[in-house]
Amino acid sequence: MASITITDVSKTYPGAKAPSVSGISLAIRDGELIVLVGPSGCGKSTLLRMVAGLEDISGGEVKIGDRVVNRIDPADRDIAMVFQNYALYPHMTVRENMAYGLKNRRTPGPEIEARVTEAARMLELGPYLDRKPRALSGGQRQRVAMGRAVVRQPSAFLFDEPLSNLDAKLRVTMRGEIRRLQKRLGTTSLYVTHDQLEAMTLADRLVVLNEGRIEQVGAPLDIYLRPASTFVASFIGAPAMNLLDAELDGARLRLGTSVIELGQLPGAKGAVTLGIRAEDLVPSATGLPFRTDFIEELGAQRLVHGHIDGQPLVLTLDPAMQIDSEMRLSVAAAKLHLFETSTGKRIATAARSGLAVPQPA
Amino acid sequence: MNRIKPFDHIILILGTLFMCVPVLVAVMTSTHSAVDIHMNGLYLTPGDNAVGTYQTVLTRQGGFTGQVTGLTMLMNSLILGIGFAVGKIVLSMAAAYALVYFRFRFATFLFWIIFTTLLLPLEVRIMPSYQVMSSLGLLNSYTGLIVPLLASATGTFYFRQFFKSVPDELLEAARIDGAGPWKFLIDILIPLSKTMMAAIFIIMFVYGWNQYLWPMLMTTEERFFTLMRGIKQILQVWIGSQIPDYNEAFALAVLALLPPVIVVVVFQRWFIRGLTESDK
Ligand SMILES: Nc1ncnc2c1ncn2[C@@H]1O[C@H](COP(=O)(O)OP(=O)(O)O)[C@@H](O)[C@H]1O
Ligand SMILES: [Mg+2]
């Protein structure tokens, strides 16, 4: 068990013009499951691999427990890693795969046997111990990869998109298993994924990365409710948050042909980006004029795509609710998100209450 | 499944005959006496001289000094073939391992240099090679026979391509599992390369087995003679009215055929199993 402290870490690959990871600082508490999430190429793997010791650290410092590990070999960092393509040794049986790391550490035979048996029991791999990886399904292989990490009893688990090669259903199951295992063992974990749903469901805390920088760190729900930037707003949550061009005029927010009274003065004026989650929009007698384009059925709810004053907008509605080609929508005042248009940063606003019913301008 | 197509079959049968009949002729003819062969030419039917001929060929003290038997020659050929194959595999594997996994500067450039220089056939460098061996005092020795031919561009190339196809994650997993370069090679890479090694073993064994010019240059003592030279030797005794021992030449040729066939059959099974099982 250990904490992981990342201080101002950067990475520039040899020959690359721009750094892949720049100036990241992050304190991971003992036993915490942190998920690094972001679009492909944002530097998640690079950061993880620097913690693992598979990439040199160009700048900054990584500490595992109290030990600075910048110059320490991966084998001696007391971490275990699970890879996207499992990276099992194809010529070894499941048992040998799990035991290999322990053997190299000269763990006594009976101890290895006990740990492998325990891990196999925990991961329900008992019947497969003497099979080669090729005789296993994708989900089983991934469990073996996790078993290989578990038997080592490391201070930290590192996962690099471990579920991306699995089909959607299995991914949900395995997600649950990883969560359960991690809670049970209480091992500090760093988990990389590009799947925001996986990130939301697994994380104690989420770290949203964009172009090698941290956009936001926080509990999944906090990030969902108060995204720090338009990037986070559009990346976390499905469907993505609606982002609309609007204009601030004192406490009045002008959106196309409508005006929303904000009640208080926000700390900005002029052009802003207004963010509204799809589920926060409700049909009402008066409000934003919405034209329906098409509907996506999700079963429990439906996604209604359309636009207001030429700007695309999505809302989720109960399937029982009637949908007209033209509707009027309003939104709770507390559910309005304002972002600076130029930087995409969130504009802090005091808590508001009541329904913001937009009026025609 | 498919309809039987007579024409395809005829072509296949003709091809098989084309490949097999000469071998059959050699086997059959070797069981007749030299005189019969001289009078009647080649045979397609078995004769009654088989045991005698093969016994003579394997055990008779022949040659100039009367020191060399067929068995010795068989041994020598085997030593040459196996020495070649094993040596080439070890050497080219080591070279490829260095080229792929140790990122030194100009590794690719270096590889292409090795590749191009070694593409030159042995015959081009046979005199200098001979001279080097001669001044090292290695003429008439197995070392001299084998070592100069061990460097293999083809082998290095194959192993390099294979190592490059092994996923990086496997190396990384091994590093995290505490395997250093040496352990990674022994525990992971070599077991994974089995099929590759089987393939190269087949090729190189046959290559070594069939060497003729190089052993002839390197060895003058008859106890180093290989089968290939033995066959030649028998046919060279045309002195006066003496009939060459055709039967013995054929018997030797048949004997010379067997080990490569065995090697191919055995290793091919490995090789194919490896191919069908492999997922890296
Ligand atoms: N070995 C490498 N050499 C050079 N550039 C690399 C290497 N690995 C990754 N990169 C670059 O670094 C950036 C981040 O990559 P990565 O960390 O793999 O992204 P992610 O895992 O978030 O998809 C990308 O732009 C990628 O092209
Ligand atoms: Mg990645």
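Throughout, residues of each chain are indexed from 1 in the direction in which the sequence is written. As they are written, the chains are lettered A onward and the ligands numbered 1 onward, keeping that order. Confidence filtering applies because this is a predicted model: local features only for residues at pLDDT of at least 70, side-chain atom pairs given and counted only at 80 or more, and all residues used for totals across whole chains, interfaces and linings. Hydrogens and waters are ignored; side-chain quantities use all the structure's heavy atoms.

### As for the overall build of chain B
Then, number 1: Numbering of helices and strands runs from the N terminus; a helix is a DSSP stretch of H or I covering at least four residues, while a strand is a stretch of E covering at least two. In terms of helices and strands, chain B carries 14 helices and zero strands.
Then, number 2: Scanning chain B from its N terminus toward the C terminus, one meets helices and strands in the order α-α-α-α-α-α-α-α-α-α-α-α-α-α.
Then, number 3: The C-alpha extent of chain B, read off along each of the three principal axes, is 75 × 65 × 30 Å.
Then, number 4: Burial statistics for chain B: of 280 residues in total, 40% are counted as buried.
Then, number 5: Working rule for contacts: check all heavy atoms of both residues, and any pair within 4.5 Å makes them a contact. Taking all contacts inside chain B whose residues are at least 6 apart in sequence as the whole, residues at least 24 apart take part in 73%.
Then, number 6: Accessible surface is estimated by sampling points in the Shrake-Rupley manner with a 1.4 Å probe; for residues, cover comes only from the protein chains shown. Surface accessibility of chain B: about 15800 Å² in total, with carbon and sulfur atoms responsible for 69%.
Then, number 7: Distance between charge centres in chain B, computed from 18 positive and 15 negative side chains, equals 8 Å. For each residue, the accessible area found with a 1.4 Å probe, counting protein chains only, is set against the maximum for its type, and the residue is called buried under 20%, exposed over 50%, and partly exposed in between. For the purpose of counting charges, residues Lys and Arg are taken to be positive, whereas Asp and Glu are taken to be negative. His and the chain ends are not included. Throughout, a charge is located at the NZ atom of Lys, the CZ atom of Arg, the CG atom of Asp or the CD atom of Glu.

### Some details on the nonpolar core
Then, number 1: Formed by 80 residues in total, the largest nonpolar core has its most connected members in Leu-47 of chain A together with Phe-163 and Ile-188 of chain B.
Then, number 2: No other element matches the nine residues that helix α4 (residues 70–101) of chain B contributes to this core.
Then, number 3: Beyond its immediate chain neighbours, meaning those up to four positions away, Leu-47 of chain A contacts Ile-6, Val-9, Val-21, Ile-24, Leu-36 and Leu-209 of chain A.
Then, number 4: Grouped together as the second largest cluster of nonpolar side chains are 46 residues, Val-37, Ala-119, Phe-157 and Met-174 of chain A included. Here the nonpolar core consists of buried residues drawn from Ala, Val, Leu, Ile, Met, Phe, Trp, Tyr and Cys, with membership extended through side-chain atoms lying within 4.5 Å.

### Some thoughts on the interface of chain A and chain B
Then, number 1: With 24 residues of chain A at the interface, the matching set in chain B holds 19 residues.
Then, number 2: Put simply, a salt bridge is a Lys or Arg side-chain nitrogen that is within 4 Å of an Asp or Glu carboxyl oxygen. Linking chain A with chain B are two salt bridges, by the criterion used here.
Then, number 3: Put simply, Asp-177 of chain B and Arg-152 of chain A hold a salt bridge, and the shortest N to O gap is 3.5 Å.
Then, number 4: Pairing of N or O atoms within 3.5 Å defines a polar contact, subject to two protein rules: one partner must be a possible hydrogen donor and the other a possible acceptor, and residues neighboring in sequence count only if both atoms are side-chain atoms. Summed over the shared surface of chain A and chain B, the number is 12 residue pairs in polar contact (both at pLDDT 80 or more).
Then, number 5: For the side of chain A that touches chain B, the secondary-structure elements that each account for two or more residues are β6 (79–82), α2 (94–104) and α4 (138–151) of chain A.

### Some thoughts on the site of ligand 1
Residue and element names in this part refer to chain A.
Then, number 1: Each residue is tested against the molecule or strand, and it is near if at least one of its non-hydrogen atoms lies within 4 Å. The environment of ligand 1 is formed by Tyr-13, Ser-20, Pro-39, Ser-40, Gly-41, Cys-42, Gly-43, Lys-44, Ser-45 and Thr-46.
Then, number 2: One of the side-chain N or O atoms of Tyr-13 is found 3.3 Å from a nitrogen atom in ligand 1.
Then, number 3: Contact distances for ligand 1 include 3.2 Å between an oxygen atom and a backbone N or O atom of Cys-42.
Then, number 4: Expressed as a share of its isolated accessible area of 560 Å², the protein-covered part of ligand 1 is 56%.
Then, number 5: All residues other than Ala, Val, Leu, Ile, Met, Phe, Trp, Tyr, Cys, Pro, Asp, Glu, Lys and Arg, Gly among them, are scored as polar; the first ten of these are nonpolar and the last four charged. Partitioning the shell around ligand 1 into residue classes produces three nonpolar, six polar and one charged.

### Remarks on the domain arrangement of chain A
Residue and element names in this part refer to chain A.
Then, number 1: Domain borders in the structure are assigned automatically or taken from a domain database. Along its sequence, chain A is organised into domain 1 (4–228) and domain 2 (239–360).
Then, number 2: A separation of 39 Å is found between the C-alpha centroids of domain 1 and domain 2.
Then, number 3: If you look at the interface, domain 1 gives five residues, while domain 2 gives eight residues.
Then, number 4: The term buried area denotes the loss of accessible surface (1.4 Å probe radius) that occurs when two parts are joined, taken as the sum for both partners. Here domain 1 meets domain 2 over a buried area of about 590 Å², counting both sides, of which 39% is carbon and sulfur.
Then, number 5: Summed over the shared surface of domain 1 and domain 2, the number is zero salt bridges.

### Some remarks on the packing of helix α10 (residues 181–192) of chain B against helix α11 (residues 194–209) of chain B
Residue and element names in this part refer to chain B.
Then, number 1: Angles here are taken between N-to-C directions and fall from 0 to 180 degrees, while the axes themselves are lines fitted to C-alpha atoms, restricted in helices to the stretch in contact. Orientation of α10 relative to α11, taken along the N-to-C sense of each, is 55°, at an axis distance of 4 Å. With respect to α11, the element α10 is oriented oblique. Across the interface between the two elements, Ile-190, Pro-191 and Leu-192 from α10 touch Lys-194, Thr-195 and Met-197 from α11.
Then, number 2: Considering only residue class, the contact of α10 with α11 consists of four nonpolar, one polar and one charged. Orientation categories follow fixed angle ranges, with anything under 35 degrees roughly parallel, anything over 145 roughly antiparallel, 65 to 115 roughly perpendicular, and all other angles oblique.

### Remarks on the packing of aromatic side chains
Working definition: an aromatic ring pair is given by the centre-to-centre distance plus the angle between the planes.
Residue and element names in this part refer to chain B.
Then, number 1: Put simply, two rings from Phe, Tyr or Trp (the six-membered ring, in Trp's case) pair if the centres are within 6.5 Å, and we call them stacked under 30 degrees between planes, edge-to-face over 60, tilted for the rest. Under the definition given, this model contains 19 aromatic pairs over all chains.
Then, number 2: With centroids separated by 5.6 Å and ring planes inclined at 25°, the aromatic side chains of Phe-205 and Trp-209 adopt a geometry described as stacked. Remark: Trp-209 and Phe-205 occur in helix α11; sequence separation between them is four residues, near one turn of the helix. Of the two residues examined, Phe-205 and Trp-209, each falls in the buried class.

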